[in-house]
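Listed below are the residues making up each chain.
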Amino acid sequence: MFYQSFLFAQLIITYLLIGLLGLSIMLGIFFLYKNKNPSKHYFSIVRYSLVLAYLQLTLLTIHYFVSPHYKLWNQLKFSEIFNSSVQRFVLLEQPAVNFLAVFLVTLGYTLHLRQLNPEKLFFRIIIFYGLSLLCFLFGAPIRY
C-alpha cells in the first residue's frame, strides 16, 4: 500500500516537473521573441522547476533502492541485465538519464543567474531546460 502511494507521488511530481519545464521553455521563447523584460513570476517558475527537479531526483533515488527491481543486481549477472530491455531501463538508463536531467537544470539555472544580457539569459534557459525536459520525458517513471 505504501509503495503504491509512493509511486503515485513520484509520478505526480514528475508530471508536474515536466509541465513546469515546458512552461519555462514556452515563456522563455515568448520573452525572447517579444524582447520583453521577464516578470518576477517567470523567475519563480524557473526556480520552482529547479526545486522540483531535486525533489524528483530524491524520490527516484529512494524508489531505486526500495523497489523490487534493485534486488535483481544480486540475482542476475550483468550480461543478463543488459540483455533485458526492461531491466536495463529500470536499473541503468532511468537513473542515469534523471541525474543528467537534474544536472542540466542546475547548469541552466546557474548560467541563467550569472547572465546580464536578456537575450542570452532566455537562450540558456531554453537550451538547458529543453534538454532536461527531453531527458525527463525519456526517463519518466512508467508502469512496469
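Residues numbered from 1 in each chain as written. Predicted model: local features only at pLDDT ≥ 70, side-chain atom pairs only at ≥ 80, totals over all residues. Heavy atoms only, no water.

Undergrad: Could you give me a rundown of the environment of serine 79, with the residues and numbers involved?
TA: Examined against the element boundaries, serine 79 turns out to sit in helix α4 (residues 78-83). Among the residues examined, serine 79 registers a relative accessible area of 45% and is labelled partly exposed. (Helix = DSSP H or I, 4+ residues; strand = E, 2+ residues; numbered from the N terminus. Buried < 20%, exposed > 50% of the residue type's maximum accessible area, 1.4 Å probe, protein only.)

Undergrad: Tell me what's going on with the packing of aromatic side chains, and back it up with residues and numbers.
TA: Considering all chains together, one arrives at seven aromatic pairs under this definition. Centroid distance tyrosine 42 to phenylalanine 122: 5.7 Å. Interplanar angle 65°. Geometry classified as edge-to-face. Of this pair, tyrosine 42 sits in helix α2 (residues 40-66) while phenylalanine 122 sits in helix α6 (residues 118-138); the two residues are 80 residues apart in sequence, bridging distant segments of the chain. Tyrosine 42 sits in the buried class, given a relative accessible area of 1%. (Phe/Tyr/Trp six-rings, centres within 6.5 Å; stacked < 30°, edge-to-face > 60°.)

Undergrad: Hey, could you go over α6 for me, with residue numbers and the actual values?
TA: In this model α6 runs 30 Å from its N-terminal to its C-terminal C-alpha over 21 residues, within 8% of the 30 Å that 1.5 Å per residue would give. Within the sequence span of α6, burial applies to Leu121, Phe122, Ile125, Ile126, Phe128, Tyr129, Gly130, Ser132, Leu133, Cys135 and Phe136. Looking at the packing, one finds that the buried side of α6 touches α1 (2-34), α2 and α5 (85-114). (Expected span 1.5 Å × (residues − 1). Contact = heavy atoms within 4.5 Å.)

Undergrad: Kindly report on the environment of cysteine 135, identifying the contributing residues and their values.
TA: With respect to the helices, strands and loops of the structure, cysteine 135 is situated in helix α6. Exposure remark for cysteine 135: the relative accessible area of 14% places this residue in the buried category. For the pair cysteine 135 and leucine 100, spaced 35 residues apart in sequence, the C-alpha to C-alpha distance is 7.4 Å. With sequence-adjacent residues up to four places away left out, cysteine 135 is seen in contact with Val97, Leu100, Ala101 and Leu104.

Undergrad: Now, about the nonpolar core: what can you tell me, with residues and values included?
TA: With 31 residues, the main nonpolar core has Leu21, Val105, Tyr129 and Phe136 as its most contacted residues. Per-element tally for this core: the top contributor is α6, with nine residues. Non-local contacts of valine 105, meaning those with residues more than four positions away in its chain, are made with Leu21, Ser49, Leu50, Ala53, Tyr129, Ser132 and Phe136. (Core = buried A, V, L, I, M, F, W, Y, C linked by side-chain atoms within 4.5 Å.)

Undergrad: Tell me about the confidence of the model for the protein chain, residues and numbers included.
TA: With 97% of its residues at a pLDDT of 70 or more, the protein chain shows a mean pLDDT of 85. Considering each helix and strand of the protein chain separately, the mean pLDDT is smallest for helix α3 (residues 72-75), with a value of 73, and largest for α2, with 89. (pLDDT = per-residue confidence, 0-100.)

Undergrad: Which residues make up the packing of α2 against α6, and what values do they have?
TA: Each packed pair of helices is defined by two parameters, the angle between the axes and the distance between the axes. The N-to-C vectors of α2 and α6 enclose an angle of 30°; their axes lie 13 Å apart at closest approach. The angle between α2 and α6 places the two elements in the roughly parallel class. Remark: the crossing between α2 and α6 carries left-handed chirality. Residues Tyr42, Phe43, Val46, Ser49, Leu50, Ala53 and Gln56 of α2 pack against Leu121, Phe122, Ile125, Tyr129 and Phe136 of α6. Broken down by class, the residue content of the contact of α2 with α6 amounts to 10 nonpolar, two polar and no charged. (Axes fitted to C-alpha atoms, helices over the stretch in contact; angles between N-to-C directions. Parallel < 35°, antiparallel > 145°, perpendicular 65-115°, else oblique. Left-handed = near helix turned anticlockwise from the far one by under 90°. Nonpolar A, V, L, I, M, F, W, Y, C, P; charged D, E, K, R; others polar.)

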